[in-house]
Amino acid sequence: MSKEIDTAELGEKIVKVLKSIFDPEIPVDIYELGLIYDVFVNEDAEVKILMTLTTPNCPVAETLPLEVEEKVKSIDMIKDAEVEITFDPPWSQELMSEEAKLELGML
């Protein structure tokens, strides 16, 4: 008998973790920057995160996805986490939240 997982609660925990990860070149977290395109959680508490980078040759292209995976895996109820990087659609400033734009003086 498997225990039901609360995907909404888990989603909130994942977002909280994502908001603790910052792009080294922009003083805004990756969630508010709009780098996270989608977060999937299945019933086995396995997470898949679809994200992008500000540019394909981003200096943290190797380390940022690993940091995201490690931090999401550290959440108690998560069994596994996988990050998939995509550049389709490419990231643009339109994907940033109002909060991020305000932070960067773009509003």
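Please refer to the structure higher up on the page.
1. Some remarks on helix α1 (residues 7-18)
The periodicity of an α-helix, 3.6 residues per turn, causes residues three or four places apart in sequence to face the same way. Taking 1.5 Å per residue, 12 residues should reach 16 Å; α1 reaches 16 Å between its end C-alpha atoms and fits that length. When we look at burial in α1, the residues that qualify are Leu10, Ile14, Val17 and Leu18. Projected down its long axis, α1 shows its buried positions confined to an angular sector of 100°, all on one face. Those residues of α1 that are exposed and aimed more than 90 degrees away from the buried face are Ala8, Glu12 and Lys16. Tucked inside the fold, the buried residues of α1 contact β1 (36-41), β2 (46-51) and α2 (63-73). Looking at where α1 begins, the residue whose side-chain oxygen comes 3.1 Å from the main-chain nitrogen of Ala8 is Asp6.

2. Here we look at the pattern of salt bridges
Throughout the structure, instances matching the rule amount to 5 salt bridges. Of the charged contacts, one joins Glu67 and Lys71 as a salt bridge, the two residues approaching to 3.1 Å between their closest N and O atoms. Within this pair, Glu67 and its partner Lys71 are both found in helix α2, separated by 4 residues, close to a single helical turn. Its salt-bridge partner being Asp80, residue Lys73 comes within 3.8 Å of it at the nearest N-O pair. Taking relative accessible area as the criterion, Lys73 reaches 32% and is therefore assigned partly exposed. For Asp80, a relative accessible area of 36% translates into the label partly exposed.

Reading the values: rules and limits
Residues numbered from 1 in each chain as written. Predicted model: local features only at pLDDT ≥ 70, side-chain atom pairs only at ≥ 80, totals over all residues. Heavy atoms only, no water. Helix = DSSP H or I, 4+ residues; strand = E, 2+ residues; numbered from the N terminus. Expected span 1.5 Å × (residues − 1). Buried < 20%, exposed > 50% of the residue type's maximum accessible area, 1.4 Å probe, protein only. Arc of directions from axis to C-beta. Contact = heavy atoms within 4.5 Å. Polar contact = N/O pair within 3.5 Å; in protein donor to acceptor, adjacent residues only side chain to side chain. Salt bridge = Lys/Arg side-chain N within 4 Å of Asp/Glu carboxyl O.

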